[in-house]
Protein chains: 2
Amino acid sequence: MDTISFVAIDAHVHFRQDDMLKPFVPLTAMHVARALVMPNTDPPKRIAAQVSAYEQEILDAAGPNSGFEPLMTFYIMPDTTPAMVQEFRKAANYIPIAIAGKVYPKGLTTNAELGVVDYPALFPVFEKMEELGLILCLHGEKPGDEIEGLDREKAFLRILKYIVSTFPGLKVVMEHITTEAAVETILGMSPNVRATITAHHLIITYDDAGGDRLSVYNWCKPVAKMRKDREALVEAATFGNPKFMFGSDSAPHMQEKKRRHDCCAGVYAPPGVALPRLAQLFEERGALDRLPNFAGGFALPFYEILNYLQAPLKEVTLVKEPMIVPDDYHGVIPFLAGKEISWSIKS
Amino acid sequence: MDTISFVAIDAHVHFRQDDMLKPFVPLTAMHVARALVMPNTDPPKRIAAQVSAYEQEILDAAGPNSGFEPLMTFYIMPDTTPAMVQEFRKAANYIPIAIAGKVYPKGLTTNAELGVVDYPALFPVFEKMEELGLILCLHGEKPGDEIEGLDREKAFLRILKYIVSTFPGLKVVMEHITTEAAVETILGMSPNVRATITAHHLIITYDDAGGDRLSVYNWCKPVAKMRKDREALVEAATFGNPKFMFGSDSAPHMQEKKRRHDCCAGVYAPPGVALPRLAQLFEERGALDRLPNFAGGFALPFYEILNYLQAPLKEVTLVKEPMIVPDDYHGVIPFLAGKEISWSIKS
């Protein structure tokens, strides 16, 4: 199989704001039909008016006839209320202003200073989301000084269990999982509970981001873990199980922010890099036929994209022709910059 | 106790070469009486003539009346022979050209491409070193693709045991240890076997070098480990046991080499930063009276410094007056740049 076409969905993307938004939206919009847009701008998108305005900015940046539509999220803060959540879905049959709310663990990643420590305090919000059919997206690392960075994802799995067992009807996505422990926990949960996996966490380990080698362009949250973890992620992604869906977590930071004293967390792996690299990986694992579901098919029903279909769902076509990843995109060094990938996107 | 004076020895320093050597030697030479100088320049210092020439360069850079003398080492490569080793100590009573040989694990740190994979192949060299009374310095991480970065030090401990049990009369130093496992292993060995500990590994953990936070200026080999490891190191350093000696591993890299795609490994923590910060730490642990031995006293007999004394052993004086660590030294960003330390060196 030298060509593969499918509807690609990126279930986790950062479009940033201001000067960055305009050049970076098209890099996603040109390849995927839909993408779930993270709300961690500064200030964050936390109320309906902010989310609507942000959606319009993104649509404007994508341009007419892009065939791309953003799926919007809102930032859940410690003082978010059920009434605020209600605003995102004013009537059950309307297209929601946001389809998901995102909880960041306080202080652990970009613009997460406003994030959460006390998860139980948000249970009234989660209850309202369950009632409205809004999806809860979780950055799955437990905050707090008592935990070390490498242990945060594993420690978060108990928080996930508390949430899931309290709200069995709530759709929950643990985003960008990085550990074998997370794969096993998610596998044991109901179909309401899913996980996204990035392309880079399927390729690199801790040894590319601070172990044997350090490239700041491989450094993100959660930090890539060990080989056994990567292998569990690759197995999950290539097994063809709907619990595991592609979310690139494309997180552009200008070079200056990566190179400074305190490196900003984030890998920039837009679909133009991630999808060809995934094709290479899935082919190596004899699972190329499962890529369309991992990188789109499983997301379509879960995010209920067909329920509020507007633009037709365009397809992306990958071809087995080598490409060289660009050295930079508008001042942002991408994942695998300058490296060859054995697949590419048909233009 | 607000003042403390002692003979400071830095048992591990990188003076680099060419343009870097001249400005960086004095930053060590002004504060410590002796320092063990690493041979991993490019090309490495592997034969007696190279080591002698390098020693002269260092003495010239330190300047007359510095009261500083370098203790020289040679780079042990896979093709190093017993005959080459003999050259460093032509007659038993003469001052040796080098007092120690250093083994780098192939590829694991700066200029370690010429390092070793096959340790048993070097046993004839180690035997000759044992006979001549030369010290074996080891970068204690096991090379090889089968091991992940975080596990390399622990995996090396078996190699250390093979060496030590084969050559019971050989003086061995496992340098810049970073793990609880290394502390325990060294503790169980004969008085011939020692370890050095850097200042930065007593202060930071993995969470400052890629876990929770990433500063490339905290990134070195071996990478800082977990909190339990740091605690074991602090205990070892402050216990007042001669097995554990200070070696700063001051490893200057120009900013450009830290900030590039592949970050060069090394923290620059010269004595002017490390000794005051150690005083703060030892005072916090109620062990200030043990700092002089950790940072000098234990090294004097082990490295047999009195046997070939030339310049008198000058003292450094630390005072409990706060200092701010400089933002940079000649283009190199130091450990704790811009941070306050509660002690300083009396000028």
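Basis of the calculations
Residues numbered from 1 in each chain as written. Chains lettered and ligands numbered in written order. Predicted model: local features only at pLDDT ≥ 70, side-chain atom pairs only at ≥ 80, totals over all residues. Helix = DSSP H or I, 4+ residues; strand = E, 2+ residues; numbered from the N terminus. Rg over C-alpha atoms; globule rule 2.2 N^0.38 Å. Contact = placed C-beta atoms within 7 Å. Least-squares fit on C-alpha atoms with pLDDT ≥ 70 in both. Buried ≥ 20, exposed ≤ 12 C-beta atoms within 10 Å, placed from the backbone. pLDDT = per-residue confidence, 0-100. Nonpolar A, V, L, I, M, F, W, Y, C, P; charged D, E, K, R; others polar. Pairing = 2+ DSSP bridges. Axes fitted to C-alpha atoms, helices over the stretch in contact; angles between N-to-C directions. Parallel < 35°, antiparallel > 145°, perpendicular 65-115°, else oblique. Expected span 1.5 Å × (residues − 1). Arc of directions from axis to C-beta.

1. Quick notes on the overall build of chain A
When you go through chain A residue by residue, the secondary structure sums to 12 helices and 13 strands. Computed over C-alpha atoms, the radius of gyration of chain A comes to 18 Å, within 12% of the 20 Å expected from 2.2 N^0.38 for 347 residues, which places it in the range of a compact globule. Its C-alpha atoms give chain A principal-axis dimensions of about 50 × 45 × 40 Å. Here the contacts in chain A between residues at least 6 apart in sequence split such that 72% fall between residues at least 24 apart.

2. Concerning the relation of the copies chain A and chain B
Superposition record for chain A on chain B: RMSD 0.0 Å, screw rotation 180 degrees, translation along axis 0.0 Å. On the angle and the small slide along the axis, the relation comes out as a two-fold axis. Of the residues that chain A buries at the interface, 100% are likewise interface residues in chain B, meaning the two copies contact each other through the same surface.

3. A closer look at the environment of B:Ala209
Assignment of secondary structure puts B:Ala209 in the loop between β8 (193-197) and α7 (227-238). We classify B:Ala209 as buried; it has 23 C-beta atoms within 10 Å. On a C-alpha basis, the gap between B:Ala209 and B:Lys346 in space is 31 Å, while along the polypeptide they are 137 residues apart. Those residues in contact with B:Ala209, other than ones at most four positions away along the chain, are A:Gly210, B:Ile204, B:Leu214, B:Asn218, B:Trp219, B:Val223 and B:Ala224.

4. Re the confidence of the model for chain A
Keep in mind that low pLDDT regions are not for reading the predicted coordinates in detail. Across chain A, the average pLDDT comes to 95, with 99% of residues at 70 or higher. Here the predicted complex carries an ipTM of 0.91, next to a pTM of 0.94.

5. Quick notes on the interface of chain A and chain B
The interface of chain A with chain B comprises 22 residues on the first partner and 22 residues on the second. Residue composition of the side of chain A that touches chain B, grouped by class: 10 nonpolar, 5 polar and 7 charged.

6. Quick word on the pairing of strand β10 (residues 316-319) of chain A
Residues and elements named next belong to chain A. Of the two faces of β10, only one is covered, namely that formed by Val316 and Leu318; the face formed by Thr317 and Val319 stays uncovered. Alignment of strand β1 (residues 3-6) against β10, held across 4 bridges, turns out to be antiparallel. The residue of β10 that forms the bridge with serine 5 is threonine 317. When β10 meets strand β13 (residues 344-345), the two strands line up antiparallel, connected through 2 bridges. Bridged to leucine 318 within β13 is isoleucine 345.

7. Some remarks on the environment of A:Arg16
Residue and element names in this part refer to chain A. With respect to the element layout, arginine 16 can be found in the loop between β2 (9-13) and α1 (18-29). Residue class for arginine 16 comes out buried when judged on the 25 C-beta atoms lying within 10 Å of it. Beyond its immediate stretch of four places on either side in the chain, arginine 16 contacts Leu21, Phe24, Thr41 and Pro252.

8. Some details on the sheet that holds strand β6 (residues 135-139) of chain B
Residues and elements named next belong to chain B. Strands sit in the order β2-β3-β4-β5-β6-β7-β8-β9 across an open sheet of 8 strands; the sheet is parallel. Of all the strands in the sheet, just β2 (9-13) and β9 (244-246) have a single pairing partner and so form its edges. Each strand of the sheet is rotated relative to its neighbour by a mean of 25 degrees, with strand direction disregarded. Direction of pairing for β8 relative to β9: parallel, over a ladder of 3 bridges. Within β9, the position partnered with threonine 196 by the bridge is methionine 245.

9. Observations concerning the packing of helix α1 (residues 18-29) of chain B against helix α2 (residues 48-62) of chain B
Residues and elements named next belong to chain B. Contact geometry of α1 with α2 gives a least axis separation of 8 Å together with a crossing angle of 70 degrees. By the angle between their directions, the pair α1 and α2 is classed as roughly perpendicular. Each of Leu21, Lys22, Val25, Pro26 and Ala29 in α1 lies in contact with α2, whose residues at this interface are Glu57, Ile58, Ala61 and Ala62. A per-class count over the contact of α1 with α2 returns 7 nonpolar, no polar and 2 charged.

10. Quick look at helix α8 (residues 227-238) of chain A
All names here are of chain A. Look at α8: 16 Å from first C-alpha to last across 12 residues, which is about the 16 Å you get at 1.5 Å a residue. Of the residues making up α8, those classed as buried are Asp229, Arg230, Ala232, Leu233, Val234, Ala236, Ala237 and Thr238. Here the buried face of α8 lies against α6 (180-187), β8 (193-197), α7 (200-203), β9 (244-246), α10 (271-284) and α11 (291-297). Trailing α8 by a residue or two, glycine 240 shows a phi angle of about 80 degrees, which is positive.

11. What about the sheet that holds β13(A)?
Strand order in the open sheet formed by 3 strands is β1-β10-β13 (chain A), with antiparallel pairing between adjacent strands. At either end of the open sheet lies a strand with only one pairing partner, and these are β1 and β13 of chain A.

12. A look at unusual backbone geometry
In this model, A:Asp42 is joined to A:Pro43 through a cis peptide bond whose omega is -5 degrees. Among the structural elements, A:Pro43 can be located in the loop between β3 (34-37) and α2 (48-62). B:Pro222 follows B:Lys221 through a cis peptide bond whose omega is -10 degrees. Located in the positive-phi region is A:His176, a residue other than glycine, with phi close to 40 degrees. The backbone of A:His330 sits at a positive phi, close to 50 degrees, despite the residue not being glycine. With respect to the helices and strands, A:His330 occurs in the loop between β11 (323-324) and β12 (340-341).

13. Focus: the environment of B:Arg260
Residues and elements named next belong to chain B. Relative to the elements of secondary structure, arginine 260 occurs in the loop between α8 (255-259) and α9 (271-284). Taking the C-beta count within 10 Å as the criterion, arginine 260 has 14 such neighbours and is therefore assigned partly exposed. Between the C-alpha atoms of arginine 260 and valine 216, which are 44 residues apart in sequence, the distance is 9.8 Å.

14. What about helix α6 (residues 180-187) of chain B?
Residue and element names in this part refer to chain B. Of the residues making up α6, those classed as buried are Ala182, Val183, Thr185 and Ile186. Looking straight down α6, one finds its buried side chains confined to an arc of 170 degrees; they lie on one side. Here the buried face of α6 lies against α5 (152-166), β7 (172-175), β8 and α7.

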